[in-house]
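Breakdown of the fold
Here's the letter readout for the chains.
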Amino acid sequence: MSGFSTDWLALREPFDRAACAMASAALDWPALAARLRADRAGDALLSVVDLGCGTGASLREIAPRLGGRQHWRLVDHDAALLAAIPDALSRWAALCGLRMHADGERLNIEGAGLRIRIERVRADLSTGLDGALLEGAQLVTASALLDLVSAEWLDALVARCSGAGAAVGWTLNVDDRLEWHPADRDDAQVQAQFRADQRRDKGFGLALGGAASAHALRALQAVGYAVAQARSDWQIDGTRADTDRSMLRAMVDGVGDAAIAQAPSKATEIRAWQARRLAQHVTLRLRVGHVDVLGWPQPPSSPAR
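Residues numbered from 1 in each chain as written. Predicted model: local features only at pLDDT ≥ 70, side-chain atom pairs only at ≥ 80, totals over all residues. Heavy atoms only, no water.

An unreviewed UniProt entry lists the protein chain under the name Class I SAM-dependent methyltransferase, with Variovorax guangxiensis as the source organism.

Notes on the side chain of Asp186
Here is the rule we go by: Elements are defined by DSSP. Helices are runs of H or I of four residues or more, strands are runs of E of two residues or more, and each kind is numbered from the N terminus. We define a polar contact as two N or O atoms separated by no more than 3.5 Å, with the added condition that, inside protein, one atom must be a possible hydrogen donor and the other a possible acceptor, whereas residues neighbouring each other in sequence contribute only through side-chain atom pairs.
Topologically, Asp186 is positioned in the loop between β7 (167-181) and α6 (187-198). At 3.1 Å, the side chain of Asp186 forms a polar contact with the side chain of Arg276.

Points about empty space enclosed by the protein
Heads up, the rule is: Cavities and pockets are found on a 1 Å grid laid over the protein atoms alone: a cavity is a set of points where a 1.4 Å probe fits but cannot escape, a pocket is an open set with protein on both sides within 12 Å along at least five of seven lines, and a lining residue has an atom within 4 Å of such a point. Grid points are joined across faces, edges and corners, and a volume is the space filled by probe spheres set on the points. Only Asp, Glu, Lys and Arg are considered charged, only Ala, Val, Leu, Ile, Met, Phe, Trp, Tyr, Cys and Pro nonpolar, and every remaining residue, Gly among them, polar.
For the structure shown, the criterion picks out one cavity of 30 Å³ or more. Of the voids in this model, the largest cavity is the one considered here, and its volume is about 400 Å³. When residues of the lining of the largest cavity are traced back to their parent elements, those giving at least two are α1 (6-24), α3 (57-66) and β7. Residue contributions to the lining of the largest cavity peak at six residues, all from α1. Considering only residue class, the lining of the largest cavity consists of twelve nonpolar, eight polar and eight charged.

Observations regarding α6
The α-helix winds at 3.6 residues per turn, so residues separated by three or four positions along the chain end up facing the same way. Using the following cut-off: By this rule the span expected of a helix is its residue count minus one, scaled by 1.5 Å. A 1.4 Å probe rolled over the protein chains alone gives each residue an accessible area, and that area as a share of the maximum for its type sets the label: buried under 20%, exposed over 50%, partly exposed in between. This arc is built from the directions going out from the helix axis to the C-beta atoms.
With twelve residues, α6 should reach 16 Å at 1.5 Å per residue; the first-to-last C-alpha distance of 16 Å fits that figure. Of all the residues in α6, the buried ones are Asp187, Val190, Gln191, Phe194, Asp197 and Gln198. Axial view of α6: buried residues confined to an arc of 110°, hence all on one face.

Quick look at unusual backbone geometry
In the segment running from His181 into Pro182, the intervening peptide bond is cis, with an omega of 0°. For Leu172, which is not a glycine, the phi torsion comes out positive at approximately 55°. As for its placement among the helices and strands, Leu172 is situated in strand β7. By relative accessible area, Leu172 is classed as buried at 2%. We note that Asp176 has phi near 80°; this positive angle belongs to a residue other than glycine.

Regarding the pattern of salt bridges
To keep things clear, this is the line we draw: Each reported salt bridge corresponds to a side-chain nitrogen of Lys or Arg within 4 Å of a carboxyl oxygen of Asp or Glu.
What the rule picks out here adds up to 20 salt bridges. Residues joined in a network through salt bridges with shared partners are Asp175, Arg177, Glu179, Asp233 and Arg287.

Okay, here's the thing in structure tokens:
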């Protein structure tokens, strides 16, 4: 399974946050939470499992939208990322006026109509989905994960979620759109190789890459889920802030290096493309296409009379 550093996750988080805020205008997380709590009395505990949790960005983004009492099981294969979660959540809680305290290995966050219990689980998702990971889950979340996995792995996840009767919230799935402004003569060549790199085996079998969200929607509908989707694009603007310029440099380096890995014979042209793009980074703009997907089980229809 491909790894992600804490530095990369921190660099991308402001763009993830803005993208998810854009998508949330079309995806009603509070209504989903109300639906999941509908059959339970009072301020019911909502059980969430987050796959490939990193440093807990999905919790920071989604938990306030769900509100009330929540239990999050944060799952990742990377021990360093799991170890970084308490510090990342503590900083976030302080910024949001929330209180965090530890109870042994478990974390608790409280305040402003929000009470969250958090457990951390180390598991290698690429080797399969242990049934215990989803035990008790009402909502299964994942951010920037589906484009890394194979069609077979995603189908197995959908089957597990359906079997558990769990809703899903899968955010920030790339969809092959990269829009550079201004355009460059070699954009199409570089992006074709970059898309090929996104579909190589990342440890889960041949990755879905930009086809992930469409595959997820079909798979969910096939097992009777209602689904909703919305664009959650990164919008990176070198004229705006140092954070944008740092992200642009990282994207130019990452896209170009991935393209070279796929087409070493084109290395000279791709390095030249990188140099031109890096020289433009204070005025360059980039939109990176993503799609967020929500899905929830529908009650069986009554037989016609």
